[in-house]
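Chain by chain, the residues run as shown.
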Amino acid sequence: MELRELGTTGIKLSPLGLGTVKFGRNEGIKYPTAFELPEESDLADLLTRAKELGINTLDTAPAYGLSEERLGRLLCGQREDWVIIGKAGEEYQDGNSRYNFSPGYLEMSLECSLERLNTDYIDIFLIHSDGDDLPNLSDDVIRAMQDFKRRGLVRAIGASTKTAEGGMRALEFMDTVMATYTPNYTAEKDVLDFATTHGKGVLLKKALSSGYNTNIEDVFRFCFAHPAVTSAVVGTINPEHLRGNAEILNAILRSPPEELRE
Ligand code: NAP
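Here's a quick rundown of the structure. Along each chain, residue indices are assigned from 1 in the same order as the chain's sequence is written. Restriction of local features to residues with pLDDT of at least 70 applies here, the model being predicted, together with a cutoff of 80 or more for giving and counting side-chain atom pairs; totals for whole chains, interfaces and linings are based on all residues. Only hydrogens and water are set aside when side-chain values are computed; all heavy atoms of the structure are taken into account.

1. Regarding helix H6 (residues 139-150)
Only DSSP runs of H or I covering at least 4 residues are called helices, and only runs of E covering at least 2 are called strands; the numbering of each starts at the N terminus. Multiply 1.5 Å by the residue count of a helix minus one, and that product is the helix's expected span. Given a rise of 1.5 Å per residue, twelve residues ought to cover 16 Å, and the 16 Å separating the end C-alpha atoms of H6 matches this to within 8%. Each residue gets one of three labels from its accessible area relative to the maximum for its type: buried under 20%, exposed over 50%, partly exposed in between, using a 1.4 Å probe on protein chains only. Within H6 the residues assigned to the buried category are Val 141, Ile 142, Ala 144, Met 145 and Phe 148. For H6, the buried positions fall inside an angular range of 160° around the axis, keeping them on one side. We call two residues contacting when some pair of their heavy atoms lies within 4.5 Å. Those residues of H6 hidden inside the fold are in contact with helix H4 (103-117), strand E8 (122-127), helix H5 (133-136), strand E9 (154-160) and helix H7 (164-173). Working note: the arc is built from the helix axis to C-beta atom directions.

2. What about the sheet that holds strand E12 (residues 229-235)?
Strand order in the closed barrel formed by eight strands is E3-E4-E5-E8-E9-E10-E11-E12, with parallel pairing between adjacent strands. Neighbour to neighbour, the strand axes of the sheet diverge by 30° on average, direction disregarded. At least two bridges found by DSSP between two strands is the condition for calling them paired. Relative to E12, strand E3 (residues 16-19) is paired through four bridges, and the arrangement is parallel. For Leu 18, the partnering residue across the bridge sits in E12 and is Val 234. Where helix H10 (residues 239-254) meets the sheet, its contacts fall on E3 and E12, and the angle it forms with E3 comes to roughly 160°. For helices, the fitted line uses only the C-alpha atoms of the stretch in contact; every axis is such a line through C-alpha atoms, and the angle between N-to-C directions lies from 0 to 180 degrees.

3. Focus on the packing of helix H9 (residues 216-225) against H10
Across the interface, H9 lies against H10 with an axial gap of 10 Å and an inter-helix angle of 45°. When the interaxial angle is binned, H9 and H10 end up oblique. Of the two elements, H9 crosses H10, and the hand of that crossing is right-handed. On the side of H9, the interface is formed by Ile 216, Glu 217, Phe 220, Arg 221 and Phe 224, while H10 contributes Asn 245, Ile 248, Leu 249, Ile 252 and Leu 253. Of the residues in the contact of H9 with H10, the class split is seven nonpolar, one polar and two charged. Roughly parallel refers to an angle under 35 degrees, roughly antiparallel to one over 145, roughly perpendicular to one between 65 and 115, and oblique to any angle outside these ranges. By convention the crossing between two helices is left-handed if the near helix lies anticlockwise of the far one by an angle smaller than a right angle, and right-handed if it lies clockwise. Polar here means any residue other than Ala, Val, Leu, Ile, Met, Phe, Trp, Tyr, Cys and Pro, which are nonpolar, and Asp, Glu, Lys and Arg, which are charged; Gly is therefore polar.

4. So, the pattern of salt bridges
Whenever Lys or Arg places a side-chain nitrogen within 4 Å of a carboxyl oxygen from Asp or Glu, that contact is recorded as a salt bridge. In total, this model carries 18 salt bridges according to the counting rule given. Ionic pairing is found between Arg 73 and Glu 40, a salt bridge with its closest N-O pair at 2.7 Å. Within this pair, whereas Arg 73 is found in helix H3 (residues 67-74), its partner Glu 40 is found in helix H2 (residues 40-52), the two being separated by 33 residues in sequence. A salt bridge links Glu 69 to Arg 73; its shortest N-O distance comes to 3.8 Å.

Below is the structure:
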């Protein structure tokens, strides 16, 4: 896959990123079918396959169960080959999500993520969302995020948002946003338009509606017709799905722009 720069951050991402919720957590999630957590050797094979396909972007978070610590082991010796998207603000324990967006908590969470991921930096660091984005993205929180970046703990900052207002605030003061934008859900389109006019890149989550829309070609044509979209993070633990998704997206991105539809 041809890498694409995220806005003006200098960070180059594959247009298809790999979401790693299913690497580490199989409880309290809304996928269409239940699944067993994969063996670590299967995940190693999946990452090898991802690399062969030109996928360099991995999305993880403390809320994804064992995802970070498994990636920490799996990426040993190949950290520089990957762009890691990490997050803070949500933890999942004993069947419940807990949220804390105070600057001190975000810093503690970042330190724990660095340790679990066995690295000294996260490429793209996002504030998680409990759905109430605007108050969570306070001036103090944004200053703390900017400070993490100044200290070299993270290379770019942003928020994973659920509201248009939150997405635009994140883009106003930070580098990027992770938003949802699919053929069936366009409530955050203003965020993408705002990103385009401000030269920022957008990451998409849940492009396949968490597995409820597997018309992959239709979804990717729609998502990538918007000029703000740098990369769509799609979750999978199935190597054939990974390969198919990459091939479909490659074909779409090579086709004439008029064949994309918004
Ligand atoms: P998604 O990417 O829309 O869908 C993932 C589901 O689609 C998986 O169950 C996967 O199952 C299935 N799938 C993938 N490719 C397929 C194919 N070719 N054919 C049939 N099924 C296919 O949803 P998501 O996992 O909820 O979100 C994606 C990523 O975004 C997550 O992994 C996470 O990294 C991130 N995320 C972030 C937030 C946030 O608040 N920041 C929230 C949710 C998600 P298989 O494993 O069987 O392929």
